[in-house]
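Report on the structure
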Amino acid sequence: MAVSSALVNVVLKRVFGRVRPDLAQVSGTRTLRRSPHTLSFPSGHSASAAAFATGLALESPVAGALVGPIALGVGYSRVHVGVHYPGDVVAGMAVGSAVAMATQHWWRVRPTTPARVRTSFAAPALPEGEGLMIAVNPRSGREDYDPAADIAELLPRAEVLEIGEDAGVAELLRKAARSGAKALGVAGGDGSVATAAAVALEFGLPLAVIPAGTLNHFARDVGVATPPEAVTAVEVGAAVRVDVADVNGTPFLNTASIGSYPEMVRRRDQLSGRMGKWMALTVAAAQVLRRGSPVDVELNGQRVKAWIVFIGNGCYMPRGLSPAWRPRLEDGLLDVQYLRADLRFGRTRAVLATLLGVSEHSRSYRQFQVPELRVRLLNGPQQVAYDGETGETTTEFAFRKREQLTVYAER
């Protein structure tokens, strides 16, 4: 909206110079109390309305369809009160929509299809979940919702296990695997899924992922965005084989990072009990960006000074430090991205590029892909974060790919 409004009002109106319609021809009951004295072509109101509606539709077609008639109403109202010609409105809407579409060059829209996996894989078909044992983390996702009852209804023959003070996801699933489970399952966020994946690899069992967290990055990438989709895959035995990475022997499925992000996760966890996850994340990000210090590291022997080092399990899109999805889940690579801290105004560059989501286009941004990565910290121990959780604090980290994991998912 800001870009389209500036383009119309500052540039295009001066270029075309069309004056507004003669208000004497408009009924007095329809005119505005204060008539605008600026130029007429294109309509700035129409451009902003179309930019907003188009941008919203790119992210959510249903929401865009609901807002579209309101945007059209804004355009019509400018003709109705006599301050624009119909052509002004049409041109303004065309400009606003074009600007919204063009922003995909910087802020790409997440695809609706899951990440590509080269081949499907057969896993045990478990009608109604027979032989499946599922660990449920009731603390994941919405605070007022426990998914255990819904899972028991969707998979009545599965054994649903809720974590508690005496047993977490790993303990419950290890016990289930030793008792003869045909497959393991997990309902929770990305941290819970990563823990379950480690146990599934340990016992060589397939994993059913029931999305029940806040963001569900891995579940969405693999193609099980809703619990019924996961249930269907379990019952028919449809599965895929996906990469698993690890850091110092601890598996992770999505991303790991060193630098400012682990501190942000730690601050978020401290604040979330008082203000909820999303507000806590916003406050934590503001605090860390204001106070954070760069890290001196060696990445496979190359020394760099960086604000944050990001390691993805597979190559992430869009490029830059706003990772959202992966085109593939079994490319065999670690995606290494970082923001340099040795440039002039480095902190300002890093903050602005990160907040605007355009770090890929910043001079501070660097990236490469490798099958293995050794990280050595030169200015003291640092904590690693992975899949939304915090890990160990040390001066050396070894990142590599593990054996592939079998995950229930229809392709």
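Before any of the text, the structure's been laid out above.
Only a predicted model underlies this, so the values are computations on that prediction, with no experimental measurement involved. (Residues numbered from 1 in each chain as written. Predicted model: local features only at pLDDT ≥ 70, side-chain atom pairs only at ≥ 80, totals over all residues. Heavy atoms only, no water.)

Helix and strand counts for the protein come out as 12 helices and 18 strands. Counting the 411 residues in the protein, one finds 48% classified as buried. Here the analysis covers contacts within the protein between residues at least 6 apart in sequence; of these, 73% occur between residues at least 24 apart. (Helix = DSSP H or I, 4+ residues; strand = E, 2+ residues; numbered from the N terminus. Buried < 20%, exposed > 50% of the residue type's maximum accessible area, 1.4 Å probe, protein only. Contact = heavy atoms within 4.5 Å.)

So, on to the pattern of salt bridges. Pairs can form between side chains of opposite charge once their charged atoms are near each other. Tallied over the full model, the rule gives 12 salt bridges. A salt bridge links Arg157 to Glu128; the shortest N-O distance between them is 3.1 Å. Placement of the pair is Arg157 in the loop between helix H5 (148–154) and strand E3 (159–162) and Glu128 in the loop between strand E1 (120–122) and strand E2 (132–136), with a sequence separation of 29 residues. A salt bridge links Glu202 to Arg174, with the shortest nitrogen-to-oxygen separation between them at 3.0 Å. Placement of the pair is Glu202 in helix H7 (residues 190–203) and Arg174 in helix H6 (residues 169–178), with a sequence separation of 28 residues. Under the relative-accessibility criterion, Glu202 is labelled partly exposed at 44%. Residue classification places Arg174 among the partly exposed residues on the basis of a relative accessible area of 27%. (Salt bridge = Lys/Arg side-chain N within 4 Å of Asp/Glu carboxyl O.)

Right, let's get into the nonpolar core. Counting 55 residues, the largest nonpolar core has Leu132, Leu184, Leu207, Val222 and Leu405 as the members making the most contacts within it. Ignoring sequence-local partners within four residues, the contact set of Leu184 consists of Leu132, Met133, Leu173, Ala176, Ala177, Val199, Ala200, Leu205, Pro206, Leu207 and Ala208. Counting 23 residues, the second-largest nonpolar core is a separate cluster that includes Val247, Ala306, Leu373 and Val384. (Core = buried A, V, L, I, M, F, W, Y, C linked by side-chain atoms within 4.5 Å.)

Together, Leu7, Val10, Val11, Val15 and Phe16 line one region of the surface with nonpolar side chains, adding up to about 440 Å² of accessible area. Tracing the chain through its elements places Phe16 in helix H1 (residues 2–16). (Patch = residues over 30% accessible without salt bridge, like charges linked within 9 Å, V, L, I, M, F, W, Y side chains within 5 Å. Areas by Shrake-Rupley, 256 points an atom, 1.4 Å probe, with all protein chains shown as cover.)

A separate point is the environment of Glu130. By secondary structure assignment, the location of Glu130 is in the loop between E1 and E2. Given a relative accessible area of 39%, Glu130 falls into the partly exposed group. The residues contacting Glu130, other than those within four sequence positions of it, are Arg157 and Lys182.

Keep in mind that these numbers describe shape and distance, not what the molecule does.
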